Number of protein chains: 2
Amino acid sequence: MNIKPLHADIIAVGSELLLGGPVDSNSVFVANFLAECGIEVRKKISVGDQKADIQEALRGSLKRAHVIVLTGGLGSTLDDCTREAVAETFGCPLIKRKRAYENLKACYRRFGRPVTPLLAKQAFLPSGARMLGNTVGTAPGFLMRDGQSVIVVLPGVPREAKVMMISQVQPVLRKIFNSNRHYWLHAFHTFGLPETDVQKQLSPILKDVGRIQFGLLASPRGVTVTVSCWVLSGSRSFVKEKSPFFPEWVHLVNQVRECLRPGLFAEGERTMEEIVGEVLRGRSWTIAVAESCTGGLVAHRLTTVPGSSCYVDRGVVSYSNKAKRELVGVPASTLGRYGAVSSQVAMAMAKGIRMRSRVDVGVGVTGIAGPGGGTVEKPVGLVYAAIDGPHGTQARRWQFWGDRTEITLKTSQAVLDLIRRYANEVSP
Amino acid sequence: MNIKPLHADIIAVGSELLLGGPVDSNSVFVANFLAECGIEVRKKISVGDQKADIQEALRGSLKRAHVIVLTGGLGSTLDDCTREAVAETFGCPLIKRKRAYENLKACYRRFGRPVTPLLAKQAFLPSGARMLGNTVGTAPGFLMRDGQSVIVVLPGVPREAKVMMISQVQPVLRKIFNSNRHYWLHAFHTFGLPETDVQKQLSPILKDVGRIQFGLLASPRGVTVTVSCWVLSGSRSFVKEKSPFFPEWVHLVNQVRECLRPGLFAEGERTMEEIVGEVLRGRSWTIAVAESCTGGLVAHRLTTVPGSSCYVDRGVVSYSNKAKRELVGVPASTLGRYGAVSSQVAMAMAKGIRMRSRVDVGVGVTGIAGPGGGTVEKPVGLVYAAIDGPHGTQARRWQFWGDRTEITLKTSQAVLDLIRRYANEVSP
């Protein structure tokens, strides 16, 4: 059975995307929403707010893409011209839409502002286009068809584009293409294994994977391995028709999981901080963290998890030696004898915060984040961490590389992984 | 005098860029480095690790771009095929380069690994290409010319691409194009002004700006306004030849600055945390922060600035009520009477941490980051902050919107801005 390929291009419009400014992040969720409709993104393009450039990109994509999603440039500022660029490409005049105009009036009334001619241009759409109402903002989007292609135009504001995509674009695309293709993706997140080792461990499996694709991505948070595949389902019985393929997929996912076991901390969308929260909850343990070089990043990451107030008691950033003595009771003699960046001080911090806050687990981190402060004996990137709890005390030493941001991010990840492993250990 | 336009396209290669994974961030610094050579990026493209897609993008760009920079897909994994795609496009066979191979051997020797045939493919470059040596990694890049176009191929690892761009690509591009175009960009960062207000304030200036471009970007960190322009300089006397244009630019930049004054906290590359550090240093003040809903983010952001150990004494994350009592001495009666999220508790936190750590400035933050924990009276996004120091005590109340991440980021920015304004006040 042939898997009919449905391809999409995403064109992000905005001069700020081309220089200095942020990169186009809308395309991430747009691509995911398209995948849910069986449509694969093959190209992402960013162009400035210039009509000629938008049109050139659009014409290029019309040659091969079934779906073209444009985002941005629908607002009311002078440089916004996506609406005009698309209308001209298809030779459709822009016509004022009553419903869009009423929505604009209602929106601006809330801010106590009238709809000036400049603002009103948001209510103009190419003739024949299907309006995509904006329930959370001002500018509507729109959808057009041209031969085999569907052109979707969304506002650049992520929240507005997301709502429009889910409530209006996905249903239309499903109806038009009636796709029986589905995208399967499984991600494995590892920490502590170098990229080359991960690759080496996977190489026996990688030899014969057929139409399944592998991806490898290294970042300060660790190495992520993705396994992905487009699969076919019958419209009547998805489970039944995909079953011939199922064993192959399940087998491979299990094989990869086994391979990566030593460093695997999470799968799918889950993050290290969520996993740590889960194991702490599982133990009914509370935790307190004393940080130096990470400056609060470990505590912050722990508390990004909704509901973390159940297990996070407190964090202290004992940046100065004075704070280390006062907040967690590190003896002045220990600081003097071993220096602030030492395994002894990390242990004193862990024990100190555990005792003072009467939690189950205390954690201490001290190191040199750079760029200054390094010496030959204690270079930038040297980090000591310790954990003190029901399973006793453990200390670790790491040497990280990178700039200040990278070193603190790697350190926070290593410390969270240390907590995870500690809490996962069988009780002594 | 005509400003000859030099255009570049950037093609980022990597299937992970198309779905779920990270967005292409290399293009940001590549675009900046090109601007320094008088070359303007007009289009950014991301494609997967598929030869046909890379070639299609490359052929499209060859039609109009003077410079095409490809990044990624030069590694040794099976899916890396940028090298092959480029070589085939120009009909140049891949040839093993001795110098590249020697560098590979030296690199892998450090990891104690031999250069397998798969790894060795990194040493093959298209015949006739100029090799760009990799001094910080394994895969070399390369540079080719085709008619009017220069094609630059860089590794996907940001650190490697950056070094190559600065030390090898920029000099070559300057030599080839001998451009007398320069890019001027000035960014103004504001906080506390809604985007519509910023636009309104700027509208009288926006009317007649000639070839100067404006950009407006709203994020949880505030609204950034950019003013940019391509200007021409003579090769002999840059200062002299650009002077006719200079007054216009200077005037506009000053006008924008005046307009944005009420919310302006930084210009150029500077961040809120750097500015806060600077004003604290200027006052010779030390600071300590007690955080609840932000979970350490304020302290972490303060300490991301190199040298912040001079003024940051400590931070505490008093997440639980117990921690609020113990770490900063918030009276149980205050907690009971007003609730943890109240102006009274924020003030008690600020005063408590200031007294206990004997610093000049104490800061307290308490709020509801969500998604749970909100009530009708105290909804998600409600935040109280207080600052206590030589200028007395100040408290603020905010109602933020967004998800947990957005609310904590906005809160941290608002708190840093509060510290900045407090320290900038004239002493009473």
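Basis of the calculations
Residues numbered from 1 in each chain as written. Chains lettered and ligands numbered in written order. Predicted model: local features only at pLDDT ≥ 70, side-chain atom pairs only at ≥ 80, totals over all residues. Heavy atoms only, no water. Buried < 20%, exposed > 50% of the residue type's maximum accessible area, 1.4 Å probe, protein only. Helix = DSSP H or I, 4+ residues; strand = E, 2+ residues; numbered from the N terminus. Pairing = 2+ DSSP bridges. pLDDT = per-residue confidence, 0-100. Contact = heavy atoms within 4.5 Å. 1 Å grid on protein atoms, 1.4 Å probe; cavity = no way out; pocket = protein on both sides within 12 Å on 5 of 7 lines; lining within 4 Å. Points joined across faces, edges and corners; volume = space filled by probe spheres on them. Disulfide = S-S within 2.5 Å. Buried area = accessible area lost by both parts, 1.4 Å probe. Salt bridge = Lys/Arg side-chain N within 4 Å of Asp/Glu carboxyl O. Domains from an automatic or database assignment. Polar contact = N/O pair within 3.5 Å; in protein donor to acceptor, adjacent residues only side chain to side chain. Nonpolar A, V, L, I, M, F, W, Y, C, P; charged D, E, K, R; others polar.

Residue and element names in this part refer to chain B. Here strand E3 (residues 67–71) lies mainly inside the structure; five of its five residues are buried. Both faces of E3 are covered, namely the face carrying Val 67, Val 69 and Thr 71 and the face carrying Ile 68 and Leu 70. Where strand E1 (residues 7–13) and E3 come together, five bridges link them in parallel fashion. Bridge pairing in E3 links Ala 8 to Val 67. Pairing geometry for E3 and strand E8 (residues 149–154), over five bridges, is parallel. Residue pairing for E8: Leu 70 is matched across the bridge by Val 153.

Residues and elements named next belong to chain A. With 94% of its residues at a pLDDT of at least 70, chain A reaches an overall mean of 89. Throughout residues 235–244 the model reports pLDDT below 50, and contacts reaching past four residues in sequence, or to other chains, amount to nine contacts. Complex prediction metrics read pTM 0.82 and ipTM 0.78.

Time to look at the layout of surface pockets. Taken as a whole, the second largest pocket spans an internal volume of roughly 470 Å³. Around the second largest pocket sit 23 residues that line it, and A:Ser309, B:Val341, B:Gly367, B:Ile368 and B:Gly373 are the ones nearest its centre.

So, on to the state of the cysteines. By definition, a disulfide links the sulfur atoms of two cysteine residues through a covalent bond. Tallied over the entire structure, the rule returns zero disulfides over all chains. Counting only cysteine sulfurs, A:Cys92 is the nearest neighbor of A:Cys81, a cysteine outside any disulfide, at a range of 17 Å. Residue classification places A:Cys81 among the buried residues on the basis of a relative accessible area of 11%. As a non-bridged cysteine, B:Cys293 has A:Cys310 as the owner of its nearest cysteine sulfur, 17 Å distant.

With that out of the way, let us pick up the interface of chain A and chain B. By a frequent convention, interface size equals the accessible area lost on bringing the separate parts together. Each partner contributes residues to the interface: chain A has 68 residues there, and chain B has 67 residues. Together, the buried faces of chain A and chain B total about 5,700 Å²; carbon and sulfur atoms form 52% of this surface. Taken together, the links from chain A to chain B amount to 14 salt bridges. In this structure, A:Arg64 and B:Glu56 form a salt bridge, with 3.2 Å as the shortest nitrogen-oxygen distance.

A word on the domain arrangement of chain A. Residue and element names in this part refer to chain A. Annotation of chain A at the domain level lists domain 1 (7–177), domain 2 (181–267) and domain 3 (272–424). Once you take the C-alpha centre of each, domain 2 and domain 3 turn out to be 33 Å apart. Tallying the contact residues gives eight residues for domain 2 and 11 residues for domain 3. Summing both partners gives a buried area of about 860 Å² for domain 2 against domain 3, and 62% of it is carried by carbon and sulfur. On the domain 2 side of the interface with domain 3, the three residues burying the most area are Phe 191, Pro 220 and Phe 265, jointly 66% of the side's total. Linking domain 2 with domain 3 are zero salt bridges, by the criterion used here. Scanning the region where domain 2 abuts domain 3 turns up two residue pairs in polar contact (both at pLDDT 80 or more). A per-class count over the side of domain 2 that touches domain 3 returns six nonpolar, one polar and one charged.

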